[in-house]
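Chain and residue survey
Listed below, chain by chain, are the residues.
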Amino acid sequence: MTQALPYSPAKLKSTALKALCIALGAFGAGFAAVPLYRYFCQTTGFGGTTHRVESMAGITPVPGKTMSVRFDSNVSPGMPWQFYPEQRTQTIEIGKRSMAIYIAKNMSDKPVTGMAVFNVTPTQAGAYFAKIQCFCFTQQTLQPGEEVRMPVIYYVDPKILDDEDNKDTQQITLSYTFNPVEPSEKQG
């Protein structure tokens, strides 16, 4: 007497195909997670992430409304650079384009490439801190002993004045940390 299988071969094949599609979808979502998270942070200012903008179209300075911006600098352990802001704080007019300069010097006897990561505190102000130009957008390579001045062109969006979470914000801190870039990570 032959016993019937509880599942037909067609049903097993269909289940295997569904499992494969789910696995491929999860694998694809894993690859998309980092760029999607970066986009989310840049769009919402989540975690103190600033906005990158091409221009100041539609932004009008608010006369008499100012804010202090503090500049912080760090290098990761093992990074042979000196790195510091030319000016520790600036009082800026909200909605007006401003520029800060950071100085970096390679203290080693060989070329070193670094990439700056950044954040803004208080974190809820990140949604209103917009950078037009920044050394942090690309990797920086300094030759032995080379010293460079690196600009950051930015503004604080006037919408910060209407945000209940930022009503007490009087100072924003822009913080950078330079990390070495391994040779295999360098942009080609």
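Residues numbered from 1 in each chain as written. Predicted model: local features only at pLDDT ≥ 70, side-chain atom pairs only at ≥ 80, totals over all residues. Heavy atoms only, no water.

**What about the overall build of the protein?**
- For the protein, the helix and strand inventory stands at one helix and 10 strands.
- Ordered by position from the N terminus, the helices and strands of the protein form the series α-β-β-β-β-β-β-β-β-β-β.
- Within the protein, counting contacts between residues at least 6 apart in sequence, those at least 24 apart form 76% of the total.
- When the accessible surface of the protein is split by element, carbon and sulfur atoms take 56% of a total near 11700 Å². (Helix = DSSP H or I, 4+ residues; strand = E, 2+ residues; numbered from the N terminus. Contact = heavy atoms within 4.5 Å. Areas by Shrake-Rupley, 256 points an atom, 1.4 Å probe, with all protein chains shown as cover.)

**A look at the packing of aromatic side chains**
- Within this structure, the stated rule accounts for 12 aromatic pairs.
- Pairing Phe-83 with Phe-178 gives two aromatic rings, centres 4.9 Å apart and planes at 90°, and the pair type is edge-to-face. Here Phe-83 is found in strand β3 (residues 81–85), whereas its partner Phe-178 is found in strand β10 (residues 171–180), with 95 residues between them in sequence. Both residues of the pair, Phe-83 and Phe-178, count as buried.
- Arranged with centres 5.0 Å apart and planes meeting at 80°, the rings of Tyr-102 and Tyr-176 form a pair that is edge-to-face. Of this pair, Tyr-102 sits in strand β5 (residues 98–106) while Tyr-176 sits in strand β10; the two residues are 74 residues apart in sequence, bridging distant segments of the chain. Across the pair, exposure class does not vary: Tyr-102 and Tyr-176 are buried alike.
- Taken together, the aromatic side chains of Phe-71, Trp-81, Phe-83, Tyr-102, Phe-118, Phe-129, Phe-135, Tyr-154, Tyr-176 and Phe-178 make up a single cluster linked through ring pairs. (Phe/Tyr/Trp six-rings, centres within 6.5 Å; stacked < 30°, edge-to-face > 60°. Buried < 20%, exposed > 50% of the residue type's maximum accessible area, 1.4 Å probe, protein only.)

**Topic: the pattern of salt bridges**
- Across all of its chains, the model carries two salt bridges by this definition.
- Measuring nitrogen to oxygen at the nearest pair gives 2.8 Å for the salt bridge that ties Arg-149 to Glu-86. Here the residue Arg-149 occupies a position in strand β9 (residues 147–156), and Glu-86 occupies one in the loop between β3 and β4 (89–93), the gap between them amounting to 63 residues.
- A relative accessible area of 44% means that Glu-86 is categorised as partly exposed.
- Of the charged contacts, one joins Lys-167 and Glu-164 as a salt bridge, the two residues approaching to 3.1 Å between their closest N and O atoms. (Salt bridge = Lys/Arg side-chain N within 4 Å of Asp/Glu carboxyl O.)

**Here's the deal with the sheet that holds strand β2 (residues 66–75)**
- Taken in spatial order, the five strands line up as β4-β2-β10-β6-β8 in an open sheet, and their pairing is mixed. Edge strands, defined here as strands with exactly one partner in the open sheet, are β4 and β8 (140–142). With direction set aside, neighbouring strand axes in the sheet form an average angle of 30°. (Pairing = 2+ DSSP bridges. Axes fitted to C-alpha atoms, helices over the stretch in contact; angles between N-to-C directions.)

**Section: the environment of Thr-121**
- Positionally, Thr-121 belongs in strand β6 (residues 112–121).
- Under the relative-accessibility criterion, Thr-121 is labelled partly exposed at 35%.
- Note: C-alpha distance between Thr-121 and Ser-175 (54 residues apart in sequence) is 8.1 Å.

**As for the confidence of the model for the protein**
- Mean pLDDT over the protein stands at 83; residues scoring 70 or higher make up 74%.
- Below pLDDT 50 for its whole length, residues 33–48 participates in 20 contacts with residues either more than four positions away or in separate chains. (pLDDT = per-residue confidence, 0-100.)

**Topic: the side chain of Asn-106**
- You can see Asn-106 is positioned in strand β5.
- Engagement of the side chain of Asn-106 in a polar contact is seen with the backbone oxygen of Gln-143, the distance being 3.3 Å. (Polar contact = N/O pair within 3.5 Å; in protein donor to acceptor, adjacent residues only side chain to side chain.)

**Observations regarding the nonpolar core**
- Grouped together as the largest cluster of nonpolar side chains are 32 residues, with contacts concentrated most on Phe-135 and Tyr-176.
- If you tally residues by element for this core, the top one is β9, at five residues. (Core = buried A, V, L, I, M, F, W, Y, C linked by side-chain atoms within 4.5 Å.)

**Brief notes about the pairing of β10**
- Bridge count for β2 against β10 is eight bridges, and the pairing is parallel. By the bridge assignment for β10, Ser-68 is matched with Gln-171.
- Relative to β10, β6 is paired through eight bridges, and the arrangement is antiparallel. Across the sheet, Phe-118 pairs through a bridge with Tyr-176, a residue of β10.

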